[in-house]
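Listed below are the residues making up each chain.
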Amino acid sequence: KQWYQRRVRATGSSTEDFELKTRHHQDLLDAMEFVVRSDDPEVQHGKPHPDIFWVAMGRFKSPPQGPERCLVFEDAPNGALAAWAAGMKCVMVPDPRLSDLPPCD
């Protein structure tokens, strides 16, 4: 099988917040094909709704053959729920600041 590695950021942050959070991480952003933010006009509902992931999948020049061909890395429970609702595989990489929250079902 041939696997393609394409990277996109689908963030629950608005454009303004995203720019503040990432201004010192340009090297990470340079590895991304594009970024979809929560204030994108095509994103109707925020996480845990799957909208942002479907928008991101549709923006690839050559979209994956289906959501099951996408792998999401998430740091928040609502993001993991959104990825699963989109039909994508998800790896939860928890933010250590969330350790006091109950586990998601």
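Residues numbered from 1 in each chain as written. Predicted model: local features only at pLDDT ≥ 70, side-chain atom pairs only at ≥ 80, totals over all residues. Heavy atoms only, no water.

Caption draft 1: Local environment of a nonpolar patch on the surface. On the surface, Leu 71, Phe 73, Val 91 and Val 93 cluster together into a nonpolar patch covering about 370 Å² of accessible area. Of note, Leu 71 is situated in strand β3 (residues 71–74). (Patch = residues over 30% accessible without salt bridge, like charges linked within 9 Å, V, L, I, M, F, W, Y side chains within 5 Å. Areas by Shrake-Rupley, 256 points an atom, 1.4 Å probe, with all protein chains shown as cover. Salt bridge = Lys/Arg side-chain N within 4 Å of Asp/Glu carboxyl O. Helix = DSSP H or I, 4+ residues; strand = E, 2+ residues; numbered from the N terminus.)

Caption draft 2: Molecular detail of the environment of Gly 79. By secondary structure assignment, the location of Gly 79 is in helix α4 (residues 77–85). According to the relative accessible area criterion, Gly 79 is buried, its value standing at 2%. Taking the C-alpha atoms as reference points, Gly 79 and Phe 53, 26 residues apart in sequence, are found 9.5 Å from one another. Not counting the four nearest positions on each side in its chain, Gly 79 is found in contact with Lys 47, Phe 53 and Glu 74. (Buried < 20%, exposed > 50% of the residue type's maximum accessible area, 1.4 Å probe, protein only. Contact = heavy atoms within 4.5 Å.)

Caption draft 3: Looking closely at the confidence of the model for the chain. When pLDDT is averaged across the chain, the result is 86; 88% of the residues are at 70 or more. Mean pLDDT in the chain bottoms out at helix α2 (residues 26–30), which sits at 83, and peaks at α4, which reaches 94. (pLDDT = per-residue confidence, 0-100.)

Caption draft 4: Layout of the nonpolar core. In this structure, Val 36, Ile 52, Phe 53, Val 72 and Met 88 are the most contacted members of the largest nonpolar core, which totals 18 residues. Breaking this core down by element, the ones donating at least two residues are β2 (34–36), α3 (51–59) and α4. Broken down by element, the residue count for this core peaks at five residues, all from α3. When near neighbours in sequence (up to four residues on either side) are disregarded, Val 72 contacts Phe 53, Ala 83, Met 88, Lys 89, Cys 90 and Val 91. (Core = buried A, V, L, I, M, F, W, Y, C linked by side-chain atoms within 4.5 Å.)

Caption draft 5: View of the packing of aromatic side chains. Tallying each qualifying case throughout the model produces one aromatic pair. A ring pair is formed by Phe 34 and Phe 60, whose centres lie 5.3 Å apart and whose planes are at 65°; its orientation type is edge-to-face. Of this pair, Phe 34 sits in strand β2 while Phe 60 sits in the loop between α3 and β3; the two residues are 26 residues apart in sequence, bridging distant segments of the chain. Its relative accessible area of 17% is what places Phe 34 among the buried residues. With relative accessibility at 8%, the residue Phe 60 sits in the buried group. (Phe/Tyr/Trp six-rings, centres within 6.5 Å; stacked < 30°, edge-to-face > 60°.)

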